[in-house]
Every structure is written in C-alpha cells, then in structure tokens.
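# Observations on chain architecture
Chain by chain, the residues:
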Amino acid sequence: MQHEVETCELCNCPGGEVVWESALCRVVMVEDADYPGFCRVVLQRHVREMSDLPPAERNQLMNVVFAVETAVRQLCQPDKVNLASLGNLTPHLHWHVIPRWRDDKHFPNPIWGSVQRVVAQRRKPIGVRELGEQIINALRQAQRSGT
Ligand SMILES: [Zn+2]
C-alpha cells in the first residue's frame, strides 16, 4: 500500500483544474474538448474502494457527486449523464461525471469505448468559475432539502 500511495497519480497531482474542494474530496475539471463539463470527484486521501469508507463519508462523497451531476445538467444540458467509478489503473477513489449527447463521439458507448462518429462542431466550453458556483448552489439546495 505504501508503494501504491507513493506512485499514485491522484495522491501526487490534483488530476485536473480544481473547481471546488472540501476536507473529504475535490472536484476537478477534465480537459476534453469533446466533453465540456466532464468532471472527476476525487477523494483527498488514498482509499481503494467505496466499502473501505465509513458510511458517513460514503454519503458525503456521493452528495458531492450528485451536486456535480446537477450542476453539469444545468450548464451543459446533456442527453444523459454517465457516472463511473473504475480505478483499475489508479486505485484511488474517484468518480467520473460525464455529460453525454446522442451525437457525441462515442454515444451510445462509454467514452472509453470505440469512436462512433466524427464530430464536426465542438460544444461550447464550460468555465471553471461558473461550474464551481453551480456546484455550490446544488450542494446548498441538497442540504436545504435534507438529503
Ligand atoms: Zn492515491
């Protein structure tokens, strides 16, 4: 485990531009012109699996994932959102929040699947600040509604 932590990409780098963070986790924006709004929610410490987290932290982490999903839906108007937690290559808890459109490069495959089409028109990029503000709004709203 010690060696794993020393060589872990997410222990050593933020993993993208930081949009929002707490003591538990950070939200980073992934630079991918095909998927504006693509974010990762990364645990601040090295933990391999969701079931290794105490239940209260699992809930806190998922609340952030859902707030990011809400923010991405508001800003990007995707046809679908993909939530994914893989970590086969980087076994450090992180969730991918990926906006998807019927005409995106890989639809209906996962974004890691084979390319389905050439996309001529790029989608409008999303600003880190506006995304951060929407995430804060979504977190506040979730807190108010007691979830
Ligand atoms: Zn790590």
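Residues numbered from 1 in each chain as written. Predicted model: local features only at pLDDT ≥ 70, side-chain atom pairs only at ≥ 80, totals over all residues.

This part takes up the nonpolar core. With 28 residues, the main nonpolar core has V27, C39, V41, V68 and I135 as its most contacted residues. Broken down by secondary-structure element, the contributors of at least two residues to this core are β1 (17–21), β2 (25–29), β3 (39–43), α3 (55–76), β5 (94–100) and α4 (128–144). Tallying contributions element by element places α3 first for this core, with seven residues. With residues up to four places along the chain from it excluded, the contact list for V68 reads V27, C39, V41, V97 and I135. (Core = buried A, V, L, I, M, F, W, Y, C linked by C-beta atoms within 7 Å. Buried ≥ 20, exposed ≤ 12 C-beta atoms within 10 Å, placed from the backbone. Helix = DSSP H or I, 4+ residues; strand = E, 2+ residues; numbered from the N terminus. Contact = placed C-beta atoms within 7 Å.)

Here the focus is the environment of A120. With respect to the secondary-structure elements, A120 resides in the loop between β5 and α4. The exposure class assigned to A120 is exposed, which follows from the 6 C-beta atoms found within 10 Å. Between the C-alpha atom of A120 and that of K105, which follows or precedes it by 15 residues, the distance is 9.8 Å.

As a further point, take α3. A turn of α-helix holds 3.6 residues, and therefore any two residues three or four places apart point the same way. Between its first and last C-alpha atoms α3 spans 31 Å; for 22 residues at 1.5 Å apiece the expected length is 32 Å, and the two agree. Taken together, the buried positions of α3 are occupied by L61, V64, V65, A67, V68, E69, A71 and V72. The positive-phi residue at the C-terminal boundary of α3 is Q77, with phi of around 45 degrees. (Expected span 1.5 Å × (residues − 1).)

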